[in-house]
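Listed below are the residues making up each chain.
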Amino acid sequence: MYSFEPNEEQQMLMEAVGKYAIADLRPVAHEAEESRELPQKVVAKGWELGVLQASIPEAYGGFGEHSAVTGVLAAEELAFGDLAGAFAIMTPALFATPILLAGSEEQKKEYLPKIIEGQWRPYTAALIEYAFDFDPNDLRTIARKVGDGYVLNGEKAYVPFAKDAEAMIVYANLDGKTQGFIVLKNAEGLTINSEREMLMGLNALPLYRVKLDNVKVSASNRLGGASGHDFERILASMRLASAATALGVARAAFEYSRDYAKEREAFGVKIAQKQAVAFMLAEMCTEIEASRLLAWEAAWKLDQNKEDACTEAYLASTGAADMVMMVTDRAVQILGGHGYIREHPVEMWMRNGRGFAMLTGLAIV
Amino acid sequence: MSIEFESPKPIVQAQYVLKTVAEEMMRSKSRYFDEHEHEIPWDYIEFMHTAMKAMGGGSLAPKESASPEGRGDKGEGGNGKHPPIGYQLLATQIETLAWGDVGMYLVTPGGGLGAAAVQAAASSEQKAKFLARFGGEKPTFAAMCMTEAGAGSDTASIRTRAVLDEKTKEWVINGEKIFVTAGDKSITEYEKLGKGFIVVWASIDPSAGRAGMRAFVVEAGTPGVKVTKLEHKMGIRVSDTAAISLVDVRVPFDHILGSPTVEKTTTGFKGAMATFDATRPLVAASGLGVARAALEFLKEKLKENGIGIRYGLPRQKLTNIEREVIDMEIMLKSAWLMVMKAVWMADNKKPNALESSMSKVKAGDVTTKITQKAVEILGPLGYSREFLAEKWMRDAKITDIYEGTGQINRLVVARQILGYSGSELR
């Protein structure tokens, strides 16, 4: 069957997350971006919504089942509030979800309960590398098998909360394949840059460069255990998170510029009454819906283990990256000079919007 | 309630069966009929009529009994066991036929837009009277006459008049209609065809503007109605596009669809426009069939030349051709999902004016872009009439024009999202 209506549980989750996004996240977004700091209280409250917790089975301390569809729905709502805040709240999932999806039984038992029980704590993952042609399937960070374990060498970029992280999954190239390795805090050879990344957007999110100099990882800390794991499935979930959060940012920009256009007058009418503006809004809305349905379908296919799920997740995130750039650019355009002023959020959304073309790996559903 | 994307069985079956029809009855004749404009594809018409009759109807119109479990299960809409899928099935059928040849799809016998108007606006007696014919012995057509030389998207400026003759209780219609799809097959009495009709939009009270607009069923053979011209077009050449003149055409009183009196509201007109909420995604589906044909052909030709598409690579590592193809796939897939959502809403009786128009906006963009890009990427092969890519590009363009241009649909979308009336956003 085709059906386009979130189920009751999903609707409740979307409503709760949406409320939080508007009431808690959005009001602090501007100040957080300017001061480069998210209020810990707000992140803690977002964590308590239980988006990650609800995706983990009881056996590992959670209270639900993993669903990419649900993850996509919740991620859009979070990012509708603020992208940096959304990524911060979702950061522990960067560690937990790959373990849930691909980890060994021991890894699930060891890590999942302590991540999700209690307060938000920084567990993270390092995928991105600082290269213009960064390719998650062709990493420059190398893992070598040495004796019973592995040795990692290389440099990672844009690692959320790396400085305080209890542990991180480092993705590295093992014989031409991307594999995840669990690296614990204070591991020997692990250096975290003391300076945060300085970026065009996402300034409230603490992101770090991480160096790995002969970092030893035991065999049991290879993601999935001795035989490793399928990285495609994890990458697809990261791409979907990217698509979903892009939807949230785009919808925020669309709604803000729509409301502005209905207020702002020029030549005796609201500017929304001018076709030049109205048509932009119509196209923004259309493209958001197009991207959303593709992301939903890809997520559903992933949940159903359909053969083309990973390809479709790739298409969904690629399309969403273009869509969000177009939508946020137009939102700034509709506000005109005011859009360029940082008092309005649209310029930040546009700066954040460009990130989706290169920042897959900052979230996972 | 849930989010699901599994094609129901009848849809999968329909795709399977119609793919063969599309390949053997349509695609193989595409070039011939493109180059022999105004020749009628009788083989296709007769085959489709026989096939559709065997499936329980004389047209592709949504079957009341269509359900996810298959034909004959009356669960749909009736007992609430299975949600209805009539429009979803129809959209899929249309997409597949249009993948074969969109011009020829428009020559599929059955009621087409004429019957859709009757279906949307008529009483049950009228439906019985006008729609039964499509399941008859001979293939039968019906058409919608809306556009006039001076009124396209601005349907409220229609000049055709209908006046009630109080003595005979007949409506007397005068006017000139143009761009009537299948107009010729609907009113010219061909021996091989059953008696068709046209649905003519006319004003019963020009001072009332939109509130005075009504649709009338005019039967083939009614004195005073005739085809005055068959257009020569850029594409969809196998489909006839007729100009029709109506001179003192008399039709019985009960041939009016909707109320014979004019109230000071535009409810009647809006009701008529609601037809488009149902048909726009279907027209969008027909365009996407052409787009898919072009994209598949392009990928096949690239493959023959050793060019595969490396999905999953970051953009910086892709060739320009790969990026183009990937973008085309994103457009096509997402546009198709917008169509499916719009028809799913129609099936479930949810108001879908916004989704319906959005799907048409998107499909108009996507269909023209994909076919134009395909010709471009294929270079001299694309431009050559040896292959169908150039024809698909010509065929595709109409998708962004008929059933509401891309611009009119943007206007509809804009009004919906802004909460504006027609006078607030002109």
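Owing to the predicted nature of the structure, the values given are computational and were not obtained by experimental measurement.

## What about the overall build of chain B?
If you tally the helices and strands in chain B, you get 13 helices and nine strands. A compact globule built from 426 residues would reach a C-alpha radius of gyration of about 22 Å, and chain B, at 22 Å, matches this within 12%. Once the C-alpha set of chain B is aligned to its principal axes, its extents read approximately 75 × 45 × 45 Å. For chain B, the proportion of its 426 residues judged to be buried stands at 58%. Relative to all contacts within chain B whose residues are 6 or more apart in sequence, the contacts with residues 24 or more apart total 73%. As displayed, chain B offers around 17500 Å² of accessible surface, 54% of which is attributable to carbon and sulfur atoms. Taking the average location of the 55 positive side-chain charges in chain B and that of its 52 negative ones, the two points are 3 Å from each other.

## Description of the layout of surface pockets
What the second largest pocket holds in volume is close to 930 Å³. Around the second largest pocket, the lining is made up of 31 residues, and of these Lys301(A), Asp308(A), Arg292(B), Lys333(B) and Trp336(B) lie nearest the centre. Here the lining of the second largest pocket is composed, by residue class, of 13 nonpolar, five polar and 13 charged.

## Let's talk about the packing of aromatic side chains
For the structure on display, the rule yields 19 aromatic pairs over all chains. Here a set of aromatic residues connected by ring pairs shows up, and it is made of Tyr2(A), Phe4(A), Trp300(A), Phe5(B) and Trp344(B). Seen from the ring of Tyr150(A), Lys145(A) lies directly overhead, with NZ or CZ sitting 5.2 Å from the centre. Positioned over the ring face of Trp99(B) is Arg27(B), at 4.3 Å from the centre of the ring.

## Points about the pairing of strand β6 (residues 177-184) of chain A
Looking along a regular strand, one sees side chains alternate from face to face of the sheet. Residues and elements named next belong to chain A. In terms of burial, β6 is largely enclosed, as six of its eight residues are buried. Two strands pair when backbone bridges link them, and strand β5 (residues 167-174) and β6 are joined in this way by eight bridges, in the antiparallel orientation. Each residue of the ladder has a partner; that of Ile169, found in β6, is Ile182. Here β5 folds back onto β6, and the loop between the two strands holds two residues, one of which, Asp175, carries a positive phi near 50°.

## A closer look at unusual backbone geometry
Residue and element names in this part refer to chain A. Positive phi values are uncommon outside glycine, yet Phe161 reaches one of about 55°. Despite not being glycine, Phe267 shows a phi value in the positive range, around 55°. As for its position among the elements, Phe267 is in the loop between β9 (265-266) and β10 (269-270). Judged by its relative accessible area of 79%, Phe267 is exposed.

## So, the interface of chain B and chain A
Tallying the contact residues gives 47 residues for chain B and 48 residues for chain A. Roughly 4800 Å² is buried in total at the junction of chain B and chain A, and carbon and sulfur atoms are behind 64% of that figure. On the chain B side of the interface with chain A, the three residues burying the most area are Met1(B), Ile3(B) and Phe5(B), jointly 17% of the side's total. Linking chain B with chain A are nine salt bridges, by the criterion used here. Inspection of the region where chain B meets chain A yields 22 residue pairs in polar contact (both at pLDDT 80 or more). When residues of the side of chain B that touches chain A are traced back to their parent elements, those giving at least two are β1 (3-5), α9 (320-347), α10 (353-378) and α13 (406-418) of chain B. In terms of residue count, the dominant contributor to the side of chain B that touches chain A is α9(B) (12 residues). Grouping the amino acids of the side of chain B that touches chain A by side-chain chemistry returns 27 nonpolar, seven polar and 13 charged. Bridging between strand β1 (residues 2-4) of chain A and β1(B) involves three bridges; their strand directions are antiparallel. The residue bridging Ser3(A) from the neighbouring strand is Glu4(B), located in β1(B).

## Details of helix α6 (residues 124-131) of chain B
Residue and element names in this part refer to chain B. Listed in full, the buried residues belonging to α6 are Gln126, Phe130 and Leu131. Around the axis of α6, the buried residues are gathered within 100° of arc, so they sit on the same side. For α6, the exposed residues set more than 90 degrees away from the buried face come down to Ser124, Glu125 and Ala128.

## Side note on the packing of helix α2 (residues 40-48) of chain A against helix α4 (residues 83-102) of chain A
Residue and element names in this part refer to chain A. At their nearest, the axes of α2 and α4 sit 9 Å apart, and the two run at 55° to each other. The orientation of α2 with respect to α4, classified from their angle, is oblique. Pair α2 / α4 crosses with right-handed handedness. Two secondary-structure elements touch here, α2 through Val43, Gly46 and Trp47 and α4 through Ala88, Ile89 and Pro92.

## A look at the environment of Ser359(B)
Residue and element names in this part refer to chain B. Mapped onto the fold, Ser359 is located in helix α10. Under the relative-accessibility criterion, Ser359 is labelled buried at 0%. Separated by 17 residues in the primary sequence, Ser359 and Ala342 have C-alpha atoms spaced 7.1 Å apart.

## What to know about the environment of Ala121(B)
All names here are of chain B. With respect to the element layout, Ala121 can be found in helix α5 (residues 112-121). With relative accessibility at 31%, the residue Ala121 sits in the partly exposed group. Along the chain, Ala121 and Ile236 lie 115 residues apart, while their C-alpha atoms are 28 Å from each other. With near-sequence residues (within four places) excluded, Ala121 lies in contact with Leu257 and Gly258.

## Brief notes about the domain arrangement of chain B
For an interface, size is often stated in terms of accessible area lost upon the parts coming together. All names here are of chain B. With domains assigned, chain B is organised as domain 1 (9-110), domain 2 (131-266) and domain 3 (269-418). With 22 residues of domain 1 at the interface, the matching set in domain 2 holds 23 residues. Together domain 1 and domain 2 conceal approximately 1900 Å² of surface at their shared face, both sides included; 66% is due to carbon and sulfur atoms. Contact with domain 2 buries area across many residues of domain 1, yet Glu37, His38 and Trp42 alone supply 29% of it, more than any other trio. At the boundary of domain 1 and domain 2, one finds two salt bridges. The salt bridge involving Glu137 is made with Lys53; its shortest N-O contact spans 3.5 Å. Between the two partners, domain 1 and domain 2, sit seven residue pairs in polar contact (both at pLDDT 80 or more). Of all elements in the fold, only α2 (30-35), α3 (42-54) and α4 (86-105) reach the threshold of two or more residues within the side of domain 1 that touches domain 2.

## Some thoughts on the domain arrangement of chain A
Residues and elements named next belong to chain A. Here chain A is described as being made up of domain 1 (8-116), domain 2 (124-227) and domain 3 (231-358). Taken over C-alpha atoms, the centre of domain 1 sits 21 Å from the centre of domain 3. Across the contact, 23 residues belong to domain 1 and 25 residues belong to domain 3. Roughly 2100 Å² is buried in total at the junction of domain 1 and domain 3, and carbon and sulfur atoms are behind 66% of that figure. Together, Val72, Glu76 and Phe80 form the three largest contributors to the area buried by domain 1 at its contact with domain 3, with a combined 29%. For the pair domain 1 and domain 3, the number of links is five salt bridges.

## Here's the deal with the confidence of the model for chain B
Residues and elements named next belong to chain B. For chain B, the average pLDDT comes to 91, and 92% of its residues sit at 70 or higher. Between residues 69-79, whose pLDDT stays under 50, and residues either more than four places distant or in other chains, the model counts 25 contacts. Across the assembled chains, the prediction reports ipTM 0.95 with pTM 0.94.

## Concerning the side chain of Thr328(A)
Tracing the chain through its elements places Thr328(A) in helix α8 (residues 309-335). Setting aside anything within four residues of it in sequence, one finds Thr328(A) in contact with Val249(A), Ala253(A), Trp349(A), Met350(A) and Gly353(A).

## Describing the pattern of salt bridges
Counted under the stated rule, the structure contains 57 salt bridges over all chains. A salt bridge links Arg251(A) to Glu255(A); the shortest N-O distance between them is 3.9 Å. With Arg251(A) and Glu255(A) both in helix α6 (residues 231-263) and four residues apart, the pair spans about one turn of that helix. Measuring nitrogen to oxygen at the nearest pair gives 3.1 Å for the salt bridge that ties Glu324(B) to Lys373(B). Residue Glu324(B) is found in helix α9, and its partner Lys373(B) is found in helix α10; the two are separated by 49 residues along the sequence. Relative accessible area serves as the criterion here: at 23%, Lys373(B) is assigned to the partly exposed category. Salt bridges here are not isolated pairs; linked through shared partners, they connect Glu76(A), Glu77(A), Arg251(A), Glu255(A), Glu289(A), Arg292(A) and Lys341(B).

Basis of the calculations
- Residues numbered from 1 in each chain as written.
- Chains lettered and ligands numbered in written order.
- Predicted model: local features only at pLDDT ≥ 70, side-chain atom pairs only at ≥ 80, totals over all residues.
- Heavy atoms only, no water.
- Helix = DSSP H or I, 4+ residues; strand = E, 2+ residues; numbered from the N terminus.
- Rg over C-alpha atoms; globule rule 2.2 N^0.38 Å.
- Buried < 20%, exposed > 50% of the residue type's maximum accessible area, 1.4 Å probe, protein only.
- Contact = heavy atoms within 4.5 Å.
- Areas by Shrake-Rupley, 256 points an atom, 1.4 Å probe, with all protein chains shown as cover.
- Lys, Arg positive; Asp, Glu negative; His and termini not counted.
- Charge placed at Lys NZ, Arg CZ, Asp CG, Glu CD.
- 1 Å grid on protein atoms, 1.4 Å probe; cavity = no way out; pocket = protein on both sides within 12 Å on 5 of 7 lines; lining within 4 Å.
- Points joined across faces, edges and corners; volume = space filled by probe spheres on them.
- Nonpolar A, V, L, I, M, F, W, Y, C, P; charged D, E, K, R; others polar.
- Phe/Tyr/Trp six-rings, centres within 6.5 Å; stacked < 30°, edge-to-face > 60°.
- Lys NZ or Arg CZ within 6 Å of the ring centre and 35° of its normal.
- Pairing = 2+ DSSP bridges.
- Buried area = accessible area lost by both parts, 1.4 Å probe.
- Salt bridge = Lys/Arg side-chain N within 4 Å of Asp/Glu carboxyl O.
- Polar contact = N/O pair within 3.5 Å; in protein donor to acceptor, adjacent residues only side chain to side chain.
- Arc of directions from axis to C-beta.
- Axes fitted to C-alpha atoms, helices over the stretch in contact; angles between N-to-C directions.
- Parallel < 35°, antiparallel > 145°, perpendicular 65-115°, else oblique.
- Left-handed = near helix turned anticlockwise from the far one by under 90°.
- Domains from an automatic or database assignment.
- pLDDT = per-residue confidence, 0-100.

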